[in-house]
Amino acid sequence: MAHLKVIAPPLPSPIISIQQFWHRRAQDVPSVLALRRLIAELFLGRDPSPTG
């Protein structure tokens, strides 16, 4: 619909590390735990690095 085209970047892409950080006060807050779990499920096992 948007007429987008996927192309290789002109420069090498760096390795991207995905990590979660939170304040220790929020360690056991149920809503924060739920959000952290959701984010982990979305990104766990999905390497954002280029496949070469």
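Above: the structure in question.
Residues numbered from 1 in each chain as written. Predicted model: local features only at pLDDT ≥ 70, side-chain atom pairs only at ≥ 80, totals over all residues. Heavy atoms only, no water.

Let's talk about the overall build of the chain
Of the regular secondary structure elements, the chain holds one helix and zero strands. Every one of the 52 residues in the chain was classed for burial, and the buried ones make up 6%. Counting only carbon and sulfur atoms, one obtains 64% of the accessible surface of the chain, whose full area is about 5400 Å². (Helix = DSSP H or I, 4+ residues; strand = E, 2+ residues; numbered from the N terminus. Buried < 20%, exposed > 50% of the residue type's maximum accessible area, 1.4 Å probe, protein only. Areas by Shrake-Rupley, 256 points an atom, 1.4 Å probe, with all protein chains shown as cover.)

A word on helix α1 (residues 30-43)
Spanning 14 residues, α1 covers 20 Å between terminal C-alpha atoms, matching the ideal 20 Å at 1.5 Å per step. Within two residues after α1, Gly45 carries a phi angle of roughly 80°, on the positive side. (Expected span 1.5 Å × (residues − 1).)

Re the packing of aromatic side chains
Evaluated as defined, the whole model comprises zero aromatic pairs. A cation sits over an aromatic face here: Arg36 above Trp22, 3.5 Å from the ring centre. (Phe/Tyr/Trp six-rings, centres within 6.5 Å; stacked < 30°, edge-to-face > 60°. Lys NZ or Arg CZ within 6 Å of the ring centre and 35° of its normal.)

Let's talk about the environment of Trp22
Note that Trp22 resides in the segment before α1. Considering only alpha carbons, one finds Trp22 and Arg36, 14 residues apart in sequence, at a separation of 9.2 Å. Residues contacting Trp22, with those up to four places away along its chain left out, are Gln27 and Arg36. Reaching out from Trp22, the side chain makes a polar contact with the side chain of Gln27 at a distance of 2.7 Å. (Contact = heavy atoms within 4.5 Å. Polar contact = N/O pair within 3.5 Å; in protein donor to acceptor, adjacent residues only side chain to side chain.)

A few points about a nonpolar patch on the surface
Nonpolar side chains collect at one region of the surface, where Ile16, Ile18, Leu35, Leu38, Leu42 and Phe43 lie side by side and expose about 560 Å² of accessible area between them. Residue class for Ile16 comes out partly exposed when judged on its relative accessible area of 46%. (Patch = residues over 30% accessible without salt bridge, like charges linked within 9 Å, V, L, I, M, F, W, Y side chains within 5 Å. Salt bridge = Lys/Arg side-chain N within 4 Å of Asp/Glu carboxyl O.)

A few points about the side chain of Arg36
Following the sequence through the fold, Arg36 ends up in helix α1. Of the side chains bearing the opposite charge, Asp28 lies closest to the buried Arg36, which forms no salt bridge; the N-O distance is 6.6 Å. In this structure the side chain of Arg36 is engaged in a polar contact, spanning 3.4 Å, whose partner is the backbone oxygen of Gln27. Those residues in contact with Arg36 that sit more than four places away from it in its chain are Gln20, Trp22, Ala26 and Gln27. (Lys, Arg positive; Asp, Glu negative; His and termini not counted.)

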